[in-house]
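Spelled out from the first residue to the last, the chains are:
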Amino acid sequence: MTPGGEFPATASLTDNAGKITGTFASQMGEVAVTGTLEGKALKMTMVAQTPQGEMTVVLTGDVDGDAIVNGQAEVPGIGAMPWSAKRAKQ
């Protein structure tokens, strides 16, 4: 969620012994994501290219089965925003 409403996106993530890598794609393009998973606590960082320059976004949340809940996205210039995710059906 953003101040302007929902911001749909997709991510392709891989967990290798608690090290998270992958990509995050939205209407703004695709960016690399890195992070950690400790127990159920997920923390990811991505650097988005914007017309104003690079913007580092930090996403945190709790893994709950096939979902990420209690998510917070720290976005420079905007602040904390809630987010959630669920695994796409394969």
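Visitor: For this particular structure, what's the right way to read the overall build of the chain?
Guide: Counting its secondary structure elements, the chain contains zero helices and seven strands. Scanning the chain from its N terminus toward the C terminus, one meets helices and strands in the order β-β-β-β-β-β-β. Here the C-alpha radius of gyration of the chain, 13 Å, is about what a compact globule of 90 residues would show, namely 12 Å. By principal-axis analysis of the C-alpha atoms, the chain measures approximately 35 × 25 × 20 Å. Residue pairs at least 24 apart in sequence account for 8% of intrachain contacts in the chain once pairs closer than 6 positions are excluded. Of the roughly 6200 Å² that the chain leaves accessible, carbon and sulfur atoms contribute 53%. Here the chain contributes 6 positively and 9 negatively charged side chains, and the mean placements of these two sets differ by 6 Å.

Visitor: What exactly am I supposed to notice about the pairing of strand S4 (residues 41-50) here?
Guide: In summary, the side chains of a regular strand alternate between the two faces of the sheet. Here S4 shows a clear split, with Leu42, Met44, Met46, Ala48 and Thr50 buried on one side and none of Ala41, Lys43, Thr45, Val47 and Gln49 buried on the other. With six bridges joining them, strand S3 (residues 29-38) and S4 adopt antiparallel strand pairing. Residue pairing in the sheet places Thr34 in a bridge with Thr45 of S4. Hairpin geometry of S3 and S4 is characterised by an intervening segment of two residues between the two adjacent antiparallel strands and by a positive phi of about 65° at Gly39. Sheet topology places S4 next to strand S5 (residues 53-64); ten bridges connect them, and they run antiparallel. Residue pairing in the sheet places Val47 in a bridge with Thr56 of S5.

Visitor: Is there a simple way to think about the side chain of Thr50 in this case?
Guide: For Thr50, the position within the fold is in strand S4. There is a polar contact of 2.6 Å between the side chain of Thr50 and the backbone oxygen of Gly53.

Each value, and the rule that gives it
- Residues numbered from 1 in each chain as written.
- Predicted model: local features only at pLDDT ≥ 70, side-chain atom pairs only at ≥ 80, totals over all residues.
- Heavy atoms only, no water.
- Helix = DSSP H or I, 4+ residues; strand = E, 2+ residues; numbered from the N terminus.
- Rg over C-alpha atoms; globule rule 2.2 N^0.38 Å.
- Contact = heavy atoms within 4.5 Å.
- Areas by Shrake-Rupley, 256 points an atom, 1.4 Å probe, with all protein chains shown as cover.
- Lys, Arg positive; Asp, Glu negative; His and termini not counted.
- Charge placed at Lys NZ, Arg CZ, Asp CG, Glu CD.
- Buried < 20%, exposed > 50% of the residue type's maximum accessible area, 1.4 Å probe, protein only.
- Pairing = 2+ DSSP bridges.
- Polar contact = N/O pair within 3.5 Å; in protein donor to acceptor, adjacent residues only side chain to side chain.

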